[in-house]
Amino acid sequence: MRIPLLIMNMDFFDWVSSHHGHRGVVPTEQAFRDFVQLCADKGFDTMFFRTSVAGRVCYPSQVMTPFGREYRLDSNYLRDVMDQWNPLEVAIDACRKSGLNVYAWV
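Everything quoted here is computed from the prediction, not taken from an experiment.

Another aspect to go through is the pattern of salt bridges. One pass over the structure, following the stated rule, counts five salt bridges. Across the pair Asp 11 and Arg 50 runs a salt bridge, and its minimum N-O distance is 2.9 Å. With Asp 11 in strand S1 (residues 7–11) and Arg 50 in strand S2 (residues 46–50), the pair connects residues that are 39 residues apart, well separated along the chain. The class for Arg 50 is partly exposed, based on a relative accessible area of 27%. Note that Asp 83 and Arg 79 form a salt bridge whose closest N and O atoms lie 3.0 Å from each other. Of this pair, Asp 83 and Arg 79 are both found in helix H3 (residues 77–84), four residues apart, which corresponds to roughly one turn of the helix. In this structure Asp 83 comes out as exposed when scored by relative accessible area, which is 55%. Look at the salt bridges and you will find they share partners, linking Glu 29, Arg 33, Asp 93 and Lys 97 into a network.

Below, the structure is given as structure tokens:
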């Protein structure tokens, strides 16, 4: 096991909200894969991937409650992302393909 040198602390909900806020569209799977590759290209070797938002998770689960909609949040675009692709599954695959370690941050 190698010791991480540069870790990207990824709050996926914040990434979705920021992406939508700047571009006005729901982020795609490819946009996230491109972001992961950019992290690898910039020298990151590990990603801590935050799976939770407002007490729920950003992926399909039979153990924890998946995110739906949250009345307190101005940005509920995460549900739209989850309807199109599985963020945790894609994060694991994209990190592996980019040579990054990935750890689920619960």
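Another point: the packing of helix H1 (residues 12–23) against helix H2 (residues 29–41). When two helices pack together, their arrangement is given by the angle between their axes and by how far apart the axes lie. Their axes nearest at 12 Å, the elements H1 and H2 cross at an angle of 115°. As judged from the angle between their axes, H1 and H2 are roughly perpendicular. Relative to H2, H1 is oriented so that their crossing is right-handed. Where H1 abuts H2, its residues Phe 12, Trp 15 and His 19 lie against Ala 31, Phe 32 and Phe 35. When the residues that make up the contact of H1 with H2 are grouped by side-chain class, the tally is five nonpolar, one polar and no charged.

Right, let's get into the sheet that holds S2. Sheet architecture is open: three strands sit in the order S1-S2-S5, paired in parallel fashion. The open sheet terminates on both sides in strands that have one partner only, identified here as S1 and strand S5 (101–105). With direction set aside, neighbouring strand axes in the sheet form an average angle of 20°. Pairing of S2 with S5 involves five bridges; the strand directions are parallel. Along S5, the bridge assignment pairs Phe 49 with Ala 104. Contacts from H1 reach S1 and S2, with the element oriented near 70° to S1. Against the sheet, H2 makes contact with S1 and S2, and its axis sits at roughly 140° relative to S2, the strand it touches most.

Definitions and limits used
- Counting from 1, residues in each chain are numbered in the order their sequence is written.
- Since the coordinates come from a predicted model, pLDDT governs what is reported: local features require at least 70, and pairs of side-chain atoms require 80 or more to be given and counted, while whole-chain, interface and lining totals use all residues.
- Side-chain measures here rest on the full set of heavy atoms in the structure, leaving out hydrogens and waters.
- We count a salt bridge whenever a side-chain nitrogen from Lys or Arg sits within 4 Å of a carboxyl oxygen from Asp or Glu.
- Each helix is a run of H or I in the DSSP string that is no shorter than four residues. Each strand is a run of E no shorter than two, and both are numbered from the N terminus.
- Each residue's exposure class comes from its accessible area (1.4 Å probe, protein chains only) as a fraction of the maximum for that residue type: buried when under 20%, exposed when over 50%, partly exposed otherwise.
- Fitted lines through C-alpha atoms serve as axes, helices being fitted only where they are in contact, and the angles separating the N-to-C directions of these axes extend from 0 to 180 degrees.
- The cut-offs work like this: below 35 degrees is roughly parallel, past 145 is roughly antiparallel, 65 to 115 is roughly perpendicular, and the gaps in between are oblique.
- Each helix crossing is assigned a hand: it is left-handed if the near helix lies turned anticlockwise from the far helix by less than a right angle, otherwise right-handed if that turn is clockwise.
- Residues count as neighbours in contact if any of their non-hydrogen atoms are within 4.5 Å of one another.
- When residues are sorted by character, Ala, Val, Leu, Ile, Met, Phe, Trp, Tyr, Cys and Pro go into the nonpolar class, Asp, Glu, Lys and Arg into the charged class, and all the rest, Gly among them, into the polar class.
- Strand pairing requires that DSSP identify at least two bridges connecting the strands.

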